[in-house]
Each structure stands twice: as C-alpha cells, then as structure tokens.
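# Summary of structural features
Chain by chain, the residues:
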Amino acid sequence: MRFLVLIAFGAALALPTYARAVTPDEMLKDPALEARARHLSQELRCMVCQNQSIDDSEAPLAHDLRVLVRQRIAAGDSDREVLDFLVARYGEFVLLKPRVEWRTLILWGLPPAALLAGLIALLAMARRRPENEPAPLSADERRRLAALLEDGRGEP
Amino acid sequence: MIPELGHYALVLALALALVQSIAPCVGAHRRDGALMQLAASTAVMQFGFVTISFAALTACYVTSDFSVATVFENSNSQMPLIYKLTSVWGNHEGSMLLWVLILSLFGALVAVFGGNLPPTLKANVLAVQSWLAAAFYLFILFTSNPFLRLPHPPFEGRDLNPILQDPGLAVHPPLLYLGYVGFSIAFSFAIAALIDGRIDAAWARWVRPWTLAAWMFLTLGIAMGSYWAYYTLGWGGFWFWDPVENASLMPWLAGTALLHSAAVMEKRNALKIWTVLLAILTFSLSLIGTFLVRSGVLTSVHAFANDPLRGVFILAILVAFIGGGLALFAWRAPLLRRGGLFAPISREGALILNNLLLTTSCLTVLVGTLYPLALEVATGAKISVGPPFFNLTFVPLFLLLMSAVPFGPLLAWKRGDLAGVTQRLTAAFALAILGAAATLAVQGAAAGLTSLGLGLALFVMTGAVVDVVERTGLFRLSPGAALSRARGLPRAAWGTAFAHVGLALTLIGIVAVESWADERIVALKPSQSVALSGYDVTFDGVTARNGPNYRERVATFTVRKGGVAVGVMTPSKRSFRAREMTTSQTALMTLGLSQLYLALGDVEGDGAVVVRLYHKPLVLLIWIGAAVMALGGALSLSDRRLRVGAPRPALRSAIAAE
C-alpha cells in the first residue's frame with residue numbers, strides 16, 4: 001500500500017516517516033472551537049504531501065495551515081467561510097472533498113448513476129425472464145422423468 | 001558471475017515463454033497433442049529459470065554485492081539478514097522480479113495440477129499465462145533490470161529505506177502479489193474459454209479454487225499493509241484512501257464479486273458471460289494496481305514522463321491485455337450460451353445484487369482514484385479526492401451490501417422465499433435492533449451512524465450463525481445428530497459463514513475505532529503523567545541505545561490502571577546512519593482486543609517530549625476480521641468439491657446438505 005509508493009520512489013518521496021501532526025501549542029483553548037478545527041483539518045489537504053490531510057501531516061506547510069484555520073475560527077468565521085478563504089488562497093486542490101460543480105459531475109454522479117443503471121438493468125432482465133421459461137412438461141415427459149429419478153435412486 | 005547467471009536465466013525464461021506463447025495455441029487449433037503437451041514442460045521450466053534468477057538476486061543481496069546497482073541502492077552490509085532479504089523486493093526492479101516469480105509459479109501449478117483439464121483448455125490457459133509472462137520479462141529486461149552492474153563498485157550500500165525495515169513489510173508484498181498475480185489464472189481461463197468459444201459449469205469449478213486462493217492472499221496482504229500503516233505512520237489510522245491502497249482494494253472488490261458469481265456459475269450454470277467479464281476485469285484491475293504504483297503516475301502526471309521508456313512500456317502492456325481482453329470478450333462472448341434460469345428472488349438473485357453492489361463500490365473507488373489524474377490531463381485543473389469523498393460514496397454502498405449479506409446463503413437456489421428467509425432471520429434482526437438501540441440509548445442520537453454500523457455488523461454475524469445452526473439442525477436435533485451434520489456440511493458452507501463473520505468483525509472494529517477512539521496530545525516532562533480512558537501513563541525518561549544500523553533514543557512510559565502498573569511502553573526515535581534519516585517507532589500495548597498507542601513527537605528544549613497517546617477500542621478486530629475472512633477462504637478451498645480430481649462421493653453429500 002503506502003509502502004508500494006515508497007518502493008517505487010525510494011527515499012526521494014516526501015512521505016513522512018511519522019506524524020507529529022497537531023501539537024499542543026497549536027490547539028485552541030475552547031474545546032468546542034478546537035473540535036471544529038480538527039474536523040475541518042481532516043477535510044483539508046496538505047498540498048506538499050501525498051494524499052494527507054493537514055490534521056495528519058507533519059510538514060511545515062500543514063502546521064501553517066492548521067494555525068491559519070484556527071486563526072480564522074477564532075476570528076469568528078463559519079466552517080464554510082474558512083473553507084472559502086482557503087480555496088481562494090490555494091485553489092480547489094486544498095479540499096479533500098471536491099465541491100459538486102460541472103467539472104466534478106462525473107466524479108460525484110457516476111457511483112449513483114452506475115447503481116441506478118444496474119438496478120434498472122436487473123429489473124428489466126427479471127421482467128423478460130418469464131418469456132424464456134421453458135414450457136411445462138408434457139405427460140409423457142413427466143413419466144420419463146419419474147422413471148429416470150427412480151433409476152437414480154437405485155445407484156450405490 | 002552470480003548476477004550474470006540470474007540475468008541469463010531470465011533471458012532463457014523469456015525464450016521459453018515465447019515458445020509457450022505460440023506452440024500450445026497452434027496445437028490447440030490443430031488438435032495436435034504433442035504441441036499442446038509442450039506447454040506443460042515449458043511452464044515448469046520457466047518457473048525453474050525464474051527461480052534461479054530470483055535466487056541469484058537474493059544471493060547478491062545476502063552477500064552485499066554492491067557491484068550490482070540495485071543492491072547498492074537498496075541494501076547495506078550492516079543490515080540484519082532479514083532486511084537484506086526483504087530488500088530484494090523492497091524496490092521497483094526486485095519487486096517486478098518477485099511478480100514474475102509468482103506468475104511463473106502459478107503457471108507451473110496449472111501445468112502440474114491441471115491433469116484433468118480438457119487438453120485444449122489447458123494448452124490455451126498456459127499460452128495466455130505465457131503472453132503475460134513474456135510481456136513482463138521484456139519489461140524487466142529492457143526497463144527494470146535488477147542485475148545491472150556498476151563500473152566502479154562502492155564499498156558500502158545506501159541502505160534500505162528505514163521505513164521499510166520492518167517485519168510487517170517482509171510479508172506484505174509477497175502476499176499482495178500472490179493475490180494480484182493469482183487473479184491472472186482466472187484471466188487466462190477466461191481468455192482461453194473465449195478463444196475456445198465454449199464454457200460450462202466445469203470451467204467455474206476449475207477457476208474457483210484459483211480465485212479463492214488469490215482472494216485469500218490479497219485479503220491477508222491488504223490487512224497486513226493496513227496494520228503496518230497503522231503502527232508505522234504514527235497517527236493510528238488504519239485506512240487512508242490513499243491511491244496506493246485503493247489500487248489494492250479494487251481487485252479485492254472485483255475478486256470478491258468474481259468469487260460469488262463463479263459460485264452461481266458452478267452450481268447453476270448461470271451468469272457465464274458475466275463471470276468471464278469479471279475474471280477479465282479483476283485481473284485488469286490487478287494490472288492497473290501494479291502499474292499505478294509502479295509508474296509513478298499517482299504522485300504526479302509528470303513523474304510518468306520522467307522515465308518515458310518505462311511509462312510507455314507500461315501503457316502498452318495495459319492496452320494489450322486489458323484492451324485485448326475486452327475486445328476478445330466483445331467479439332466472442334455472444335458465442336457463449338446462456339443457461340440456468342432463476343427467479344429474481346433466489347440465491348442467484350441475491351448474488352447478482354452482491355455483484356452489482358461490489359462492482360459499483362469498485363467503480364466508485366476507481367473513479368475517485370483516477371478522476372484527479374484525468375481532470376488534470378484534460379483541463380490542467382488540480383483537485384483532490386480524499387477520505388471525505390469515499391466516506392460519502394463508498395461507505396453507503398458498502399453498508400447497503402452488508403444489509404443484504406445474511407439473505408444470500410439462506411435463500412434457495414432458483415426460486416427463494418423472501419418472507420420465509422426474513423422469518424428465519426428474526427433472531428438476527430432482533431439482535432441487530434437491540435444492539436443499535438442500546439448504542440443509541442447510551443450514546444444519544446448523535447451516534448446514529450455508530451448504531452447503524454453496529455446493528456448491521458450484528459445482523460451479518462448472527463445471520464451467518466443462523467445459517468450454520470439451521471443447516472446442522474442445532475437446537476432442533478439431538479447434539480449428536482447436529483454434530484454429525486456439522487461434519488457432513490460442505491467446507492464451502494463453513495467457509496461462507498466464516499468469511500461473513502469475518503466481515504462483521506472488521507466492521508465492528510472500524511465502527512468502534514471511528515466512534516470511541518480517544519486521544520491526548522500533550523508535552524510531558526519526566527515523571528509527569530497523562531490520563532486516558534482509565535489509564536495513567538507516566539513519562540520516566542529517555543535512554544540511548546544502539547541498533548545494528550541505527551542509533552535510537554528510547555522514551556520509557558509506565559502505564560498504570562487504578563494505581564497498579566500494567567506495563568511499560570517504549571516508543572523511540574531511530575537515526576539511521578547510511579541515509580541520515582530519522583524514524584519514529586510507535587509503541588503499542590494490547591489490552592484484550594483494544595490497544596493503547598503511543599507516538600513520540602518533538603523533544604522540546606526543557607527535556608519535555610510531545611506525546612500523542614491514543615486509546616483504540618477493539619481495533620484488533622479490524623485485522624482479526626480479515627484473518628477470519630481468509631480462514632473462510634481456506635476452509636472453502638479445502639472443500640472436496642473444489643479439490644481438482646476429488647472423488648465423486650463428495651457430490652452426494654453436497655447435494656444432501658443443500
């Protein structure tokens with residue numbers, strides 16, 4: 001998994017060897033605000049890391065972003081405003097959950113569309129099925145079947 | 001001399017693979033027994049030569065022959081022997097050699113144990129295996145040769161990346177590759193069937209054990225990787241939705257779907273075309289998984305272009321096998337006859353629903369993993385798709401799947417009785433609702449998702465137990481009779497039950513950790529304590545220690561519960577000499593199924609250390625569940641019906657049990 005990335009690029013990768021992540025001095029005094037900050041941090045990408053949120057990353061940039069998020073929260077921003085602020089500054093790349101818009105339509109739309117299409121296809125198949133049902137056995141066939149079954153029972 | 005020997009053996013394997021790619025196909029076409037027979041010998045010889053090649057490379061690592069470039073890059077004479085061995089596959093070139101070693105092993109196994117396969121099918125399967133093998137030998141020889149020498153051999157190697165010097169990683173890559181490559185057999189069988197234009201239930205009986213084995217290894221490989229990431233990366237996450245993890249999850253999801261649809265095909269001769277398609281798709285995803293990771297395209301689109309030869313080669317292999325496989329499918333699949341009618345409410349129907357949900361989840365992971373790349377290539381815009389996306393899309397699909405799991409094994413083949421099954425699941429429903437309600441009562445309405453997850457897990461687990469209880473007649477018959485029926489129950493039925501229980505255990509672990517994990521992040525000076533979840537953890541001090549190829553500073557913490565010491569935790573920081581890298585070793589204390597998790601942060605000026613302490617309730621269930629799933633696979637694999645060439649009587653007990 002992560003290790004495979006590592007063996008692909010060896011030491012050249014900027015993956016952390018461990019995470020210091022949030023440090024005590026960064027935290028907000030108010031536990032409710034801090035909880036909001038932690039929650040938001042998990043939705044924000046550390047842009048110099050590989051697929052890590054700023055909550056997990058030890059990179060200096062992640063530290064700066066964590067502090068920034070907490071400053072905005074302390075200044076009274078709503079969650080939405082904090083995210084808008086960061087997107088205006090760093091672009092959509094900073095969001096780990098892309099916003100639903102035209103260019104992410106396929107991304108968000110494909111899973112439900114695929115499920116729906118699959119269900120519709122299955123329903124259509126289930127409806128078509130009865131036509132394919134073989135004709136009921138005739139009296140003669142039934143007699144032969146019974147005879148065959150009788151034979152089968154005699155086997156060791 | 002030894003590296004040249006390995007190099008030469010690989011070239012010989014390529015030559016054999018080229019022969020095996022053509023001769024058996026021609027033989028199968030002309031019904032020429034001798035040409036078809038050839039494939040069996042070449043497959044075994046190929047395995048022999050690749051083994052020699054791999055052994056030669058291993059010898060270079062063990063003897064620290066730094067005149068070989070890859071050994072110099074990835075090894076060090078001071079490393080313990082185990083890491084010298086694991087560094088054979090701890091890099092791109094070596095891991096590709098491991099890949100072909102496993103590929104040739106599977107080819108040889110088919111050659112040796114495929115005695116009762118129809119000769120043309122066996123010949124075609126081995127030929128397709130050889131197409132794959134030839135492509136990979138060429139890839140290794142031309143772009144990733146592990147045996148290249150350095151003109152001026154250095155005295156010391158650069159060392160294996162310290163983060164990879166870990167016992168967990170000794171087994172993770174081989175397990176993962178056994179899974180990835182194992183699916184190649186299903187692929188080869190599918191392609192061979194398409195070439196033949198003929199497929200029957202016996203085909204599924206041959207394909208199922210291979211798929212099952214591959215699935216088992218992949219399950220264990222993913223679990224191992226997840227546990228490694230959990231204790232290594234230092235914040236106690238067990239799954240990150242990292243593209244590299246997704247690359248291994250996709251073949252697992254498709255492979256799980258394949259297992260279930262192959263069961264339908266074997267028992268009821270239905271879903272043939274779909275099963276063949278799934279076999280092609282599953283291995284395609286394994287190939288994509290291997291190459292997403294190998295090519296570097298995941299880190300950035302530009303990394304791909306840095307090594308154009310490798311990148312183009314990879315693309316060519318992907319296009320040839322995935323594109324070729326699907327094209328062949330489109331052309332030949334109409335020849336395969338449909339069979340096995342069934343009503344929508346039946347075991348077949350349930351397994352189709354299983355397939356729909358699994359493939360949709362797989363598609364979700366695929367689109368989430370590749371969309372940022374596609375968007376960047378198409379428009380230049382950069383977006384990120386991370387855990388919050390998958391939590392919103394994948395998780396609901398998977399919960400939906402879980403809610404359907406208990407119904408499958410209880411429904412009858414062909415035409416099932418949903419009302420009857422629902423009634424038989426009353427106990428499972430009751431337990432699930434009780435569990436969910438209890439969670440809500442204790443935790444309040446905010447724990448909605450927790451109670452849903454727990455309820456579903458209980459439902460799946462009890463459902464699996466109900467299935468076994470009903471089949472054995474426990475509580476209904478005398479204990480002796482039930483025991484004898486339990487013995488007579490096909491292993492495959494036990495396998496299903498175990499795999500489903502494992503799934504439920506994993507879900508419980510995930511829900512518990514996501515909902516009830518607790519953490520403290522504090523700076524501690526010696527003899528200061530921090531309290532968490534009823535435990536007091538005291539920082540005793542830091543000592544220095546020397547390892548074979550590193551120095552470490554070990555912090556000692558004493559864990560107490562109610563004033564009584566229960567143990568000592570010793571997280572450390574290691575400085576590796578060769579690479580001048582520092583890693584942090586987390587400390588774990590297992591308490592039943594839960595763990596205390598301690599990671600060391602910075603050491604501050606006044607002798608204080610920053611400590612991240614977590615309590616992870618029931619966390620071990622996540623991986624125990626995966627192990628139980630794999631155990632289910634093993635049980636199923638040991639079923640007489642699946643052992644190729646098993647004697648007939650097995651068939652009768654199987655029928656009697658259903």
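Residues numbered from 1 in each chain as written. Chains lettered and ligands numbered in written order. Predicted model: local features only at pLDDT ≥ 70, side-chain atom pairs only at ≥ 80, totals over all residues. Heavy atoms only, no water.

## Here we look at the overall build of chain B
Applicable threshold: Where helices and strands are cited, they refer to DSSP runs of H or I of at least four residues and of E of at least two residues respectively, numbered from the N terminus. For the radius of gyration, the atoms used are the C-alpha atoms, and the globule rule reads 2.2 Å times the number of residues raised to 0.38. Each residue gets one of three labels from its accessible area relative to the maximum for its type: buried under 20%, exposed over 50%, partly exposed in between, using a 1.4 Å probe on protein chains only. Contacts between residues were defined by any pair of non-hydrogen atoms, one from each residue, lying within 4.5 Å. Shrake-Rupley sampling with a 1.4 Å probe provides the accessible areas, and residues are treated as covered by the protein chains on show and by no other component.
Across its full length, chain B carries 22 helices and 10 strands. Over its C-alpha trace chain B gives a radius of gyration of 27 Å, about what one expects of a compact globule, namely 26 Å for 658 residues. In terms of overall dimensions, chain B has C-alpha extents of about 80 × 75 × 55 Å along its principal axes. Counting the 658 residues in chain B, one finds 60% classified as buried. In chain B, once contacts between residues fewer than 6 apart in sequence are set aside, the share between residues at least 24 apart is 73%. For chain B, the accessible area works out to roughly 24900 Å², and carbon and sulfur atoms hold 67% of it.

## Side note on the nonpolar core
Threshold: As used in this record, nonpolar core signifies buried Ala, Val, Leu, Ile, Met, Phe, Trp, Tyr and Cys residues forming a set joined through side-chain atoms within 4.5 Å.
By size, the foremost hydrophobic cluster in this structure holds 165 residues, and its most contacted members are Phe 189 and Trp 203 of chain B. Ranked by residues supplied to this core, first place goes to helix α7 (residues 168-196) of chain B with 16 residues. Once residues lying within four places of it in the same chain are set aside, the contact partners of Phe 189 of chain B are Leu 117, Leu 121, Val 125, Trp 203, Trp 206, Val 207 and Trp 210 of chain B. Within the second largest apolar cluster, 19 residues are counted, among which are Leu 65, Leu 68, Val 69 and Leu 83 of chain A.

## Some points on the interface of chain B and chain A
The criterion, for reference: What gets called buried area is simply the loss in accessible area from a 1.4 Å probe that two parts show on being joined, summed for both. Within this document, salt bridges are pairs made up of a side-chain nitrogen of Lys or Arg and a carboxyl oxygen of Asp or Glu, the two lying within 4 Å of each other. Nitrogen and oxygen atoms within 3.5 Å of one another constitute a polar contact, given that in protein one can donate a hydrogen and the other can accept it, and given that sequence-neighbouring residues count only through two side-chain atoms.
Listed by partner, the interface residues are 76 residues for chain B and 55 residues for chain A. Summed over both partners, the interface of chain B with chain A comes to about 5500 Å²; 70% of that surface belongs to carbon and sulfur atoms. At the boundary of chain B with chain A, the tally comes to one salt bridge. When the shortest N-O distance is used, the salt bridge between Arg 38 of chain A and Glu 519 of chain B registers 2.5 Å. Linking chain B with chain A are five residue pairs in polar contact (both at pLDDT 80 or more).

## Regarding unusual backbone geometry
At Ser 527 of chain B, a position not held by glycine, the phi torsion is positive, near 75°. For Ser 527 of chain B, the location among the structural elements is in the loop between β1 (518-524) and β2 (529-532).

## Focus: a nonpolar patch on the surface
Note the following rule: The patches reported here contain residues having more than 30% relative accessible area and no salt bridge. Joining distances are 9 Å for like charges and 5 Å for nonpolar side chains (Val, Leu, Ile, Met, Phe, Trp, Tyr).
Taken together, Val 100, Trp 102 and Leu 105 of chain A make up a surface patch of nonpolar side chains, about 410 Å² in accessible area. Checked against the element boundaries, Val 100 of chain A lands in the loop between α4 (79-90) and α5 (105-132).

## Overview of the pairing of strand β9 (residues 594-603) of chain B
For a regular strand, side chains alternate in direction, first toward one face of the sheet and then toward the other. Residues and elements named next belong to chain B. Formally: Strands are labelled as partners when DSSP assigns at least two bridges between them.
Taking burial as the measure, the 10 residues of β9 include eight buried ones, the bulk of the element. Strand direction decides the pairing type here: strand β8 (residues 587-591) and β9, joined by five bridges, are antiparallel. Bridging from a neighbouring strand, Met 589 pairs with Leu 596 of β9. Taking the residues that link successive antiparallel strands as the turn, the β8-β9 hairpin has two residues, and the phi of Gly 592 there is positive, at about 65°.

## Regarding the packing of aromatic side chains
Residue and element names in this part refer to chain B. The condition that has to hold: Between rings of Phe, Tyr and Trp, where Trp is taken as its six-membered ring, a pair exists when centres lie within 6.5 Å; planes separated by under 30 degrees are stacked, by over 60 edge-to-face, and by other angles tilted.
Applying the stated criterion to the full structure yields 27 aromatic pairs over all chains. Both rings, one in Phe 106 and one in Trp 210, keep their centres 6.2 Å apart while their planes meet at 65°; by these two values the pair is edge-to-face. Remark: Trp 210 occurs in helix α8 (residues 201-232) and Phe 106 occurs in helix α5 (residues 92-113); sequence separation between them is 104 residues. Residue class for Phe 106 comes out buried when judged on its relative accessible area of 4%.

## Some words on the domain arrangement of chain B
Worth spelling out the cut-off: Domain extents, as shown, originate in an automatic or database domain assignment.
What the domain assignment lists for chain B is domain 1 (1-165), domain 2 (425-516 + 625-632 + 649-657) and domain 3 (518-616). Averaged C-alpha coordinates put domain 2 of chain B and domain 3 of chain B at centres separated by 38 Å.

## A few points about the side chain of Asp 55 of chain A
Residue and element names in this part refer to chain A. Its location among the elements puts Asp 55 in the loop between α2 (31-41) and α3 (60-74). The class of Asp 55 is buried, set by a relative accessible area of 3%. In terms of polar contacts, Asp 55 uses its side chain to reach the side chain of Gln 42, at 3.3 Å.

## Re the packing of helix α6 (residues 119-143) of chain B against helix α12 (residues 308-332) of chain B
All names here are of chain B. The following threshold applies: Axes here mean lines fitted to C-alpha atoms, for a helix over just the part in contact, with angles spanning 0 to 180 degrees between N-to-C directions. Relative orientations are named as follows: roughly parallel for angles under 35 degrees, roughly antiparallel for angles over 145 degrees, roughly perpendicular for angles from 65 to 115 degrees, and oblique for any other angle. Following the grouping adopted for this structure description, the nonpolar residues are Ala, Val, Leu, Ile, Met, Phe, Trp, Tyr, Cys and Pro, the charged ones are Asp, Glu, Lys and Arg, and the polar ones are all others, Gly among them.
The N-to-C vectors of α6 and α12 enclose an angle of 175°; their axes lie 10 Å apart at closest approach. On the basis of the axis angle, α6 is roughly antiparallel to α12. Within the contact between the two elements, α6 uses Trp 131, Leu 132, Ala 135, Phe 136, Leu 138, Phe 139, Phe 142 and Thr 143 and α12 uses Leu 309, Arg 310, Phe 313, Ile 314, Ile 317 and Phe 321. Class assignment for the residues of the contact of α6 with α12 results in 12 nonpolar, one polar and one charged.

## Overview of the confidence of the model for chain A
Residue and element names in this part refer to chain A. Which entries qualify depends on this criterion: As a per-residue measure, pLDDT reflects the predictor's confidence and takes values from 0 up to 100.
Per-residue pLDDT for chain A averages 76, and the proportion of residues at 70 or more is 77%. No element of chain A has a lower mean pLDDT than helix α1 (residues 2-9), which averages 39, and none a higher one than α4, which averages 90. Contacts of residues 1-20 to residues separated by more than four positions or lying in other chains number 83 contacts, the stretch itself having pLDDT below 50.

## Regarding the environment of Ala 608 of chain B
Residues and elements named next belong to chain B. Looking at the secondary structure, you find Ala 608 in the loop between β9 and β10 (609-616). For the pair Ala 608 and Pro 526, spaced 82 residues apart in sequence, the C-alpha to C-alpha distance is 6.9 Å. Among all residues touching Ala 608, those that are not within four sequence positions of it are Leu 524, Lys 525, Asp 602 and Val 603.

## Quick word on the sheet that holds β10 of chain B
Within a beta sheet, neighbouring strands are joined by backbone hydrogen bonds and run either parallel or antiparallel to one another. Residues and elements named next belong to chain B. As summarised here, the arrangement of the four strands in space is β1-β10-β9-β8, forming an open sheet in which the pairing is antiparallel. Since the sheet does not close on itself, it has two edges, and those belong to β1 and β8, each with one partner. Across this sheet, the average inter-strand angle for adjacent strands is 15°, counted without regard to direction. The pairing of β9 with β10 spans seven bridges and is antiparallel. Considered in β10, the bridge of Leu 600 is made with Val 611. The sheet strands contacting α8 are β8, β9 and β10, and the helix crosses β9 at an angle near 45°.

## Details of the pattern of salt bridges
This structure, assessed with the given rule, holds 21 salt bridges over all chains. In this structure, the salt-bridge partner of Glu 93 of chain B is Arg 310 of chain B, at a minimum N-O distance of 3.2 Å. Of this pair, Glu 93 of chain B sits in helix α5 while Arg 310 of chain B sits in helix α12; the two residues are 217 residues apart in sequence, bridging distant segments of the chain. Several salt bridges converge on common partners, so that one network encompasses Arg 38 and Asp 55 of chain A together with Glu 519 of chain B.

## Brief notes about helix α2 (residues 33-62) of chain B
Residues and elements named next belong to chain B. Note the following rule: In this analysis, the expected span of each helix is defined as 1.5 Å times one less than the number of residues it contains.
In a regular helix each residue adds 1.5 Å, so 30 residues correspond to 44 Å; α2 covers 44 Å between its end C-alpha atoms and thus fits that length. The residue sitting at the N-terminus of α2 and contributing the capping side-chain oxygen is Asp 32; that oxygen lies 3.0 Å from the backbone nitrogen of Ala 34. Once α2 ends, the next one or two residues include Ser 64, with phi positive near 50°.

## Quick look at the environment of Cys 25 of chain B
Residue and element names in this part refer to chain B. Mapped onto the fold, Cys 25 is located in helix α1 (residues 2-30). Residue Cys 25 is classed as partly exposed on the basis of its relative accessible area of 22%. Between the alpha carbons of Cys 25 and Leu 328 there is a distance of 15 Å; along the sequence they are 303 residues apart. Residues contacting Cys 25, with those up to four places away along its chain left out, are Asn 124, Ala 127 and Trp 131.

## So, the side chain of Arg 332 of chain B
Residue and element names in this part refer to chain B. Tracing the backbone through its elements, the reader meets Arg 332 in helix α12. Of note is the side chain of Arg 332, whose polar atom sits 2.8 Å from the backbone oxygen of Leu 194. Here the side chain of Arg 332 touches Ile 195 through a polar contact of 2.6 Å, landing on its backbone oxygen. Ignoring sequence-local partners within four residues, the contact set of Arg 332 consists of Leu 194, Ile 195, Asp 196 and Gly 197.

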